[in-house]
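Structural characterization, general
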Amino acid sequence: MRWAYKFGIYEKLEDNLNFKKAIKRLRRAFIIGLSISFWIRLSDQKPSPHEDSFRKKFIDNVCEYWRKLLEWDAAAEVKESFPAPKFDEWKGIIKEECKKYVDLFVDNDECVSKNEALSENIWVSFICIMNNIPLWIIGKPGTSKSLALNIVINKLMSQNSRSEKITKCPPLVSQTFTCSNTTTSEDIMYDIGKLVDRSNMYNNNYIIRIQILEEIGHADMSRFKPLVCLHNIIDNGYPFRPGISIPVHLIGLSNYKMDSAKLNRGILLLRCSLNDD
């Protein structure tokens, strides 16, 4: 939430904000933080025609509890300046942020459809990359998983933009490993090792290293259990030398649901089938 307040919200943070504007921005950052951590991993499709989607249920429940908290005496000072949002306002904030980011990363002359799936994928990918948070995107083929990730990484690497969101990004090195049901932990560690060796060419204290694991769902079903090695990389980084670990950002793309123990180690973006939007 702190990163969203200072940098993540698309609108640039002004110097010397007054209290009213600061609280308004903090409230927006709070909604974004909850959305990235919890809302985005839920399905946006209705389980049945007469039932709301899990995303809508989440917002409704959070807003209801938010309103109850404001009824406490301790919350009297912020009751007016930090009101509980309604569903339409919450969803409007997310749509607005997604639209601004997709417009930033995708030029109008690129002949790319800026649909809801692509917009959400780009928004979440950028946030996770900038904060070194593992990201798992699960969805059927055609839900813009690889496309969105390639758009974000290529834009950040080229820094072909006037926006500080892109030009302030540190040097970025990425590579892709395609998993299969015969993948082993040694295969993944070897590929990450090559990524770390490439990143050492930069004389920079902070480098973003991105290891993309395509079809990670196949590796999750492998009898060799190759994804076990990712737990240590997420917690401690890649063991480059004895006593020296290098942080590596992991992004997994899959057409199939994975083991929940691994999904809980990062941000999960669940992509359902494309709708008319």
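Note that the coordinates shown come from a computational prediction; the quantities given were computed from them, not determined experimentally.

1. Notes on the overall build of the protein
- Across its full length, the protein holds 11 helices and 7 strands.
- Here the protein has a C-alpha radius of gyration of 20 Å; the compact-globule value for 277 residues is 19 Å, and the two agree.
- Residue burial in the protein is summarised as follows: out of 277 residues, 47% are buried.
- Nonlocal contacts in the protein, meaning residues at least 24 apart in sequence, comprise 71% of its contacts between residues at least 6 apart.
- Total accessible area on the protein is roughly 15,000 Å²; 51% of this is exposed by carbon and sulfur atoms.
- Looking at charge distribution, the protein has the averaged site of its 39 positive side-chain charges lying 2 Å from that of its 34 negative ones.

2. Some thoughts on the pattern of salt bridges
- One pass over the full model with this rule turns up 17 salt bridges.
- For the salt bridge of lysine 57 with glutamate 51, the shortest nitrogen-to-oxygen distance reads 2.6 Å.
- Assessed through its relative accessible area of 29%, glutamate 51 is described here as partly exposed.
- With a closest N to O distance of 3.0 Å, arginine 55 and glutamate 120 form a salt bridge. Here arginine 55, found in helix H3 (residues 54–70), pairs with glutamate 120, found in helix H5 (residues 116–131); they are 65 residues apart in sequence, far enough to count as distant. Each member of the pair, arginine 55 as well as glutamate 120, is classed as buried.
- When salt bridges that share partners are traced, they join Arg28, Glu96, Glu97 and Lys100 into one network.

3. Considering the packing of helix H2 (residues 19–37) against H3
- Look at H2 against H3: their axes get within 12 Å of each other, and the N-to-C directions meet at 135°. Taken as axis vectors, H2 and H3 run oblique relative to one another. Like other packed secondary-structure pairs, H2 and H3 cross with a definite hand, here right-handed. When H2 is examined against H3, the residues Arg27, Phe30, Ile31 and Leu34 are found in contact with a partner set consisting of Phe58, Val62 and Trp66.
- Across the contact of H2 with H3, the residue classes break down as 6 nonpolar, no polar and 1 charged.

4. Looking at the pairing of strand E6 (residues 249–254)
- Judged by how many residues are buried, E6 sits mostly within the fold: 6 of 6 residues are covered.
- Neither face of E6 is open: one carries His249, Ile251 and Leu253, the other Leu250, Gly252 and Ser254, and all of them are buried.
- Here 4 bridges tie strand E1 (residues 135–139) to E6, and the two strands are oriented parallel to one another. Within E6, the position partnered with leucine 135 by the bridge is isoleucine 251.
- Relative to E6, strand E3 (residues 208–214) runs parallel, the two sharing 4 bridges. Directly across from glutamine 211, in E6, lies its bridge partner leucine 250.

5. Thoughts on the sheet that holds E1
- Across the sheet, which stays open at both edges, the 5 strands sit in the order E2-E3-E6-E1-E7 with parallel pairing between neighbours. Strands with a single pairing partner mark the edges of an open sheet, and in this sheet they are strand E2 (172–178) and strand E7 (267–271). Here the strands of the sheet are splayed against their neighbours by 15° on average, with no regard to which way each runs.

6. As for the confidence of the model for the protein
- Per-residue pLDDT for the protein averages 89, and the proportion of residues at 70 or more is 98%.
- Element-level pLDDT for the protein is lowest in helix H11 (residues 260–263), with a mean of 80, against a maximum mean of 95 in E3.

Cut-offs used in this document
Residues numbered from 1 in each chain as written. Predicted model: local features only at pLDDT ≥ 70, side-chain atom pairs only at ≥ 80, totals over all residues. Heavy atoms only, no water. Helix = DSSP H or I, 4+ residues; strand = E, 2+ residues; numbered from the N terminus. Rg over C-alpha atoms; globule rule 2.2 N^0.38 Å. Buried < 20%, exposed > 50% of the residue type's maximum accessible area, 1.4 Å probe, protein only. Contact = heavy atoms within 4.5 Å. Areas by Shrake-Rupley, 256 points an atom, 1.4 Å probe, with all protein chains shown as cover. Lys, Arg positive; Asp, Glu negative; His and termini not counted. Charge placed at Lys NZ, Arg CZ, Asp CG, Glu CD. Salt bridge = Lys/Arg side-chain N within 4 Å of Asp/Glu carboxyl O. Axes fitted to C-alpha atoms, helices over the stretch in contact; angles between N-to-C directions. Parallel < 35°, antiparallel > 145°, perpendicular 65-115°, else oblique. Left-handed = near helix turned anticlockwise from the far one by under 90°. Nonpolar A, V, L, I, M, F, W, Y, C, P; charged D, E, K, R; others polar. Pairing = 2+ DSSP bridges. pLDDT = per-residue confidence, 0-100.

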